[in-house]
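# Summary of the model geometry
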Amino acid sequence: MTTASVDGKRTGTNTGQGGRTVQDARSDRSRARRYRHAPPIIAAAGLLLLWHLIVVGFGVPSYIAPSPVQVIRVFVEQGEILWINFWPTLFEAVAGFVLGNSVAVVLAVWFVHNRFAERAFYPIAVFINTIPIIAIAPILVLILGNGFAPKIVIAALICFFPTLVNMVRGLKAVSPQMLELMRVLSASDREILWKIRLQSSLPFLFAALKIASTTCVIGAIVGEWIGSNYGLGSLIIEATYNFRAPLLYATVILGAGLAVAFFVTTTLVERRIVKWKPEAVF
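As a convention, each chain's residues are numbered from 1 in the sequence order in which they are written. Restriction of local features to residues with pLDDT of at least 70 applies here, the model being predicted, together with a cutoff of 80 or more for giving and counting side-chain atom pairs; totals for whole chains, interfaces and linings are based on all residues. Hydrogens are left out, water is left out, and the side-chain values use all remaining heavy atoms of the structure.

## Observations regarding the environment of Ala212
Put simply, the rule reads: Secondary structure elements are taken from DSSP: a helix is a run of H or I of four residues or more, a strand is a run of E of two residues or more, and numbering for both begins at the N terminus. The contact criterion used is simple: two residues touch if any of their non-hydrogen atoms lie within 4.5 Å.
You can see Ala212 is positioned in helix α9 (residues 189-225). Setting aside residues no more than four positions away along its own chain, Ala212 makes contact with Phe97, Asn101, Cys159 and Thr163.

## So, unusual backbone geometry
What counts here: When accessible area is computed with a 1.4 Å probe and restricted to protein chains, residues below 20% of their type maximum are described as buried, those above 50% as exposed, and intermediate ones as partly exposed.
Phi is positive for Phe243, close to 55°, though the residue is something other than glycine. Given the relative accessible area of 61%, Phe243 is considered exposed.

## Overview of the packing of helix α4 (residues 79-113) against helix α11 (residues 245-273)
Threshold: To get an axis, a line is fitted to the C-alpha atoms, and for a helix only the part in contact is used. The angle between two axes follows their N-to-C directions and goes from 0 to 180 degrees. The crossing is said to be left-handed when, going from far helix to near helix, the turn is anticlockwise and less than a right angle, and right-handed when the turn is clockwise. Ten residues, namely Ala, Val, Leu, Ile, Met, Phe, Trp, Tyr, Cys and Pro, are considered nonpolar, four, namely Asp, Glu, Lys and Arg, are considered charged, and the remaining ones, Gly among them, are considered polar.
Interaxial distance between α4 and α11 falls to 11 Å at its minimum, and their mutual angle equals 35°. In this structure, α4 crosses over α11, and the sense of that crossing is right-handed. Between α4, through Leu82, Trp83, Phe86, Thr89, Leu90, Ala93 and Val94, and α11, the contact on the second element is made entirely by Leu247, Ala250, Thr251, Leu254, Leu258 and Phe262. For the contact of α4 with α11, a count of residues per class yields 11 nonpolar, 2 polar and no charged.

## What to know about the packing of α4 against helix α5 (residues 115-130)
What counts, and what does not: Any angle from 65 to 115 degrees is called roughly perpendicular, while one under 35 is roughly parallel, one over 145 is roughly antiparallel, and all others are oblique.
Put simply, α4 and α5 touch, their axes get as near as 5 Å, and they point 125° apart. As the angle between them shows, α4 and α5 are arranged oblique. Between α4 and α5, the residues in contact are Trp110, Phe111 and His113 and Arg115, Ala117, Glu118, Phe121 and Tyr122, respectively. Of the residues in the contact of α4 with α5, the class split is 5 nonpolar, 1 polar and 2 charged.

## Let's talk about a nonpolar patch on the surface
Which entries qualify depends on this criterion: The patches reported here contain residues having more than 30% relative accessible area and no salt bridge. Joining distances are 9 Å for like charges and 5 Å for nonpolar side chains (Val, Leu, Ile, Met, Phe, Trp, Tyr). Shrake-Rupley sampling with a 1.4 Å probe provides the accessible areas, and residues are treated as covered by the protein chains on show and by no other component. Counted as salt bridges are all cases of a side-chain nitrogen of Lys or Arg within 4 Å of a carboxyl oxygen of Asp or Glu.
A surface patch of nonpolar side chains, about 560 Å² in accessible area, is lined by Trp110, Phe121, Ile124, Phe127, Ile128 and Ile131. Of all the elements, α5 adds the most residues to the nonpolar patch, at 4 residues. Along the polypeptide, Ile131 turns up in the loop between α5 and α6 (133-144).

## Quick look at the nonpolar core
To be explicit about the condition: Each nonpolar core is a collection of buried residues, namely Ala, Val, Leu, Ile, Met, Phe, Trp, Tyr and Cys, held together in the definition by side-chain atoms within 4.5 Å.
In this structure, Leu82, Leu164, Leu171, Cys216 and Val217 are the most contacted members of the largest nonpolar core, which totals 42 residues. Among the elements of the structure, α3 (68-77), α4, α5, α7 (148-172), α9, α10 (231-241) and α11 are those that each provide at least two residues to this core. The element contributing the most residues to this core is α9, with 10 residues. Contact partners of Leu164, with chain neighbours within four places excluded, come to Ala104, Leu107, Ala108, Phe111, Tyr122 and Ala125. Judged by nonpolar contacts, the second largest core, of 6 residues, contains Val174, Met182, Ile192 and Ile196.

## Points about the packing of aromatic side chains
Convention followed: Two aromatic rings from Phe, Tyr or Trp, using only the six-membered ring of Trp, form a pair when their centres are within 6.5 Å; if the ring planes differ by under 30 degrees the pair is stacked, by over 60 it is edge-to-face, and anything between is tilted.
Inspection of every chain in the model, using the stated rule, returns 10 aromatic pairs. Between Phe111 and Tyr122 the ring centres are 6.1 Å apart and the planes differ by 65°, which places this aromatic pair in the edge-to-face class. Residue Phe111 is located in helix α4, and its partner Tyr122 is located in helix α5; the two are separated by 11 residues in the primary sequence. Overall, Tyr122 belongs to the partly exposed group, its relative accessible area being 23%. With 5.2 Å between their ring centres and 45° between their planes, Phe148 and Tyr230 make a pair best called tilted.

## Regarding the confidence of the model for the protein
Rules: As a per-residue measure, pLDDT reflects the predictor's confidence and takes values from 0 up to 100.
Per-residue pLDDT for the protein has a mean of 83; in total, 84% of the residues score no lower than 70. Low pLDDT, under 50, characterises residues 1-14; the predicted model gives this stretch 15 contacts beyond four residues in sequence or across chains. In this model, residues 278-282 is a region of pLDDT below 50 whose contacts with residues beyond four sequence positions or in other chains number 8 contacts.

## Concerning α5
Put simply, the test is: To estimate how far a helix should reach, multiply one less than its number of residues by 1.5 Å. What is called the bend at a residue is the angle between a pair of axes, fitted to the seven residues leading up to and ending at it and to the seven starting from it. Two N or O atoms count as a polar contact when they lie within 3.5 Å, although within protein this holds only if one can serve as hydrogen donor and the other as acceptor, and sequence-adjacent residues are included solely when both atoms are side-chain atoms.
For α5, which comprises 16 residues, the first-to-last C-alpha distance of 23 Å matches the rise-based estimate of 22 Å (1.5 Å per residue) to within 8%. If you look at α5, its biggest bend is around 30°, right at Phe121, and the proline Pro123 turns up within four residues after that. Among the residues of α5, Ala117, Glu118 and Ala125 are the ones counted as buried. Considering only its buried residues, α5 is in contact with α4 and α7. N-cap assignment for α5: the residue whose side-chain oxygen lies 3.1 Å from the backbone N of Phe116 is Asn114.

## A closer look at the pattern of salt bridges
The final tally for this structure, using the stated rule, is 4 salt bridges. Across the salt bridge formed by Glu118 and Arg115, the nearest N and O atoms sit 3.4 Å from each other. Within this pair, Glu118 and its partner Arg115 are both found in helix α5, separated by 3 residues, close to a single helical turn. In this structure Arg115 comes out as exposed when scored by relative accessible area, which is 51%. Of the charged contacts in the structure, one is a salt bridge between Glu270 and Lys210, with a shortest N-O distance of 3.3 Å.

## Here's the deal with the side chain of Ser228
Its place among the elements puts Ser228 in the loop between α9 and α10. Engagement of the side chain of Ser228 in a polar contact is seen with the backbone oxygen of Tyr230, the distance being 3.0 Å. Residues contacting Ser228, with those up to four places away along its chain left out, are Asn146, Lys151 and Ser234.

This is how it looks when you write it as structure tokens:
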């Protein structure tokens, strides 16, 4: 620790290596945080500009590829249509996310404590995951009707398998020495689950949840393609068949924005809960 002198006056500013002050280091960190989002913003602005130049320069008809200005105009002039169809998709995606991941976590806990159940039902889960979701959607619509139920189930199915696989792996990612110590301390299976297994599984769980946070929106939209009169998926079909390209692009962008919002929310929750991240997982 040294004391610097400026204009003959002694100051209490601490300096580190190379004479840099603590305030300088803090200022650098603050500047880095402030400009952390600059690269993606600049890249997005550049892509929008390139998109506009290509459409205008080559004279592409608006019913094939509208310019960014035309898409923005849709948000302004037809925003009510977009938001009316946004809320059903949001509800289906959130409900499917909660349902699919909840079932996956419960089954993972069951599999870890019952090897027979894992050997019996894990292959069935793998088989269901191999069926394309677009093929399952009409079956669910026939069984559950044309309301919210089939869309929620489709969104849940598309979230289910990644969470199941990661959660099983995470619950088993406990060192044998730690398990042996808990047994020496006469800990029950429930105590081992809550105090050891669930803690070790959190990084694996959130890795899967970040995937599910985007795929649940895809599941909801795909479900709306099959016999639905509302939602972003239905609006995409309607805009496509009627050659309303600006509305189509605006709907796709709104759906992508919803998926990004889900992902960011999941990441923020992870930062609040998981204070450590093994390098093998992230």
